[in-house]
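# Observations on the model geometry
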Amino acid sequence: MERPDWDEYFMRMAYMAATRSTCTRRRVGAVIVKDKRIISTGYNGPPTGSLHCDQTGCLREMLHIPSGERHELCRGLHAEQNAIIQAASNGTAISGGIIYVTTHPCVVCSKMLINAGIKEIIYAEGYPDELSELMLIESNMKTRKYNISENFKNLLFEGSFELIKEGED
């Protein structure tokens, strides 16, 4: 097996973080890196001590809320938010870092990443949020889509991992 380059290495870590998610619609993972060192990780899910969506059911599905809208109507925090919170609670600065995330950030996460001083967002999957894309352009945030191969997914998850529930996006 070939040694992965840095992008593949950190994106694999983001996908591994996503396996911790209990979201019933979309599992997302994030890894914040600085100087080729992992600073923090995150995945989408509810706050510590709260019931998980796979236990309670998805409020967004019950209310028929489309992906990319009404983020406040969700029990969970996004992977990027949890990665920022993890770094903050450990007293670790993330300014100047790079975030690897399995899904393009929503507008709320984009605003947080901009203000946290993240210098680049590397994502694998798209997300339907035009305002997020606009704000990232306006802030001169460097973004880059990482193109993953089926071989990449199969290597990491042996074909058993589904990022987005069938029928979503």
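Look a little higher up for the structure.
Summary of the structure given here. (Residues numbered from 1 in each chain as written. Predicted model: local features only at pLDDT ≥ 70, side-chain atom pairs only at ≥ 80, totals over all residues. Heavy atoms only, no water.)

## Observations regarding the pattern of salt bridges
Close approach of charged atoms lets side chains of opposite charge pair. For the structure on display, the rule yields 5 salt bridges. Taking the shortest distance from any N to any O, the salt bridge between Arg12 and Glu8 comes out at 2.5 Å. With Arg12 and Glu8 both in helix H1 (residues 6-18) and 4 residues apart, the pair spans about one turn of that helix. Summarising the burial analysis for this pair, Arg12 and Glu8 share the class buried. (Salt bridge = Lys/Arg side-chain N within 4 Å of Asp/Glu carboxyl O. Helix = DSSP H or I, 4+ residues; strand = E, 2+ residues; numbered from the N terminus. Buried < 20%, exposed > 50% of the residue type's maximum accessible area, 1.4 Å probe, protein only.)

## A short note on the packing of helix H4 (residues 79-89) against helix H5 (residues 107-116)
Between H4 and H5, the shortest axis-to-axis distance is 9 Å and the interhelical angle comes to 30°. It follows from the interaxial angle that H4 and H5 lie roughly parallel. With respect to the hand of their crossing, H4 and H5 are arranged in left-handed fashion. Only Val108, Cys109, Met112 and Leu113 of H5 make contact with H4, whose side of the interface consists of Glu80, Gln81 and Ile84. Among the residues making up the contact of H4 with H5, the classes are represented as 5 nonpolar, 1 polar and 1 charged. (Axes fitted to C-alpha atoms, helices over the stretch in contact; angles between N-to-C directions. Parallel < 35°, antiparallel > 145°, perpendicular 65-115°, else oblique. Left-handed = near helix turned anticlockwise from the far one by under 90°. Contact = heavy atoms within 4.5 Å. Nonpolar A, V, L, I, M, F, W, Y, C, P; charged D, E, K, R; others polar.)

## Details of the sheet that holds strand S1 (residues 29-34)
Strand order in the open sheet made by the 5 strands is S2-S1-S3-S4-S5, with mixed pairing throughout. If you trace the sheet from one side to the other, it starts and ends with strand S2 (37-43) and strand S5 (142-145), each paired once. The average angle at which neighbouring strand axes cross in this sheet is 20°, direction not considered. Examined bridge by bridge, strand S3 (residues 98-103) and strand S4 (residues 120-125) share 5 bridges and lie parallel to one another. The partner of Thr103 across the bridge, within S4, is Glu125. Here H1 sits on the sheet in contact with S1, S2, S3, S4 and S5, set at roughly 140° to S1. Sheet strands touched by H4: S1, S2 and S3. Its angle to S2, the strand with the most contacts, is close to 130°. (Pairing = 2+ DSSP bridges.)

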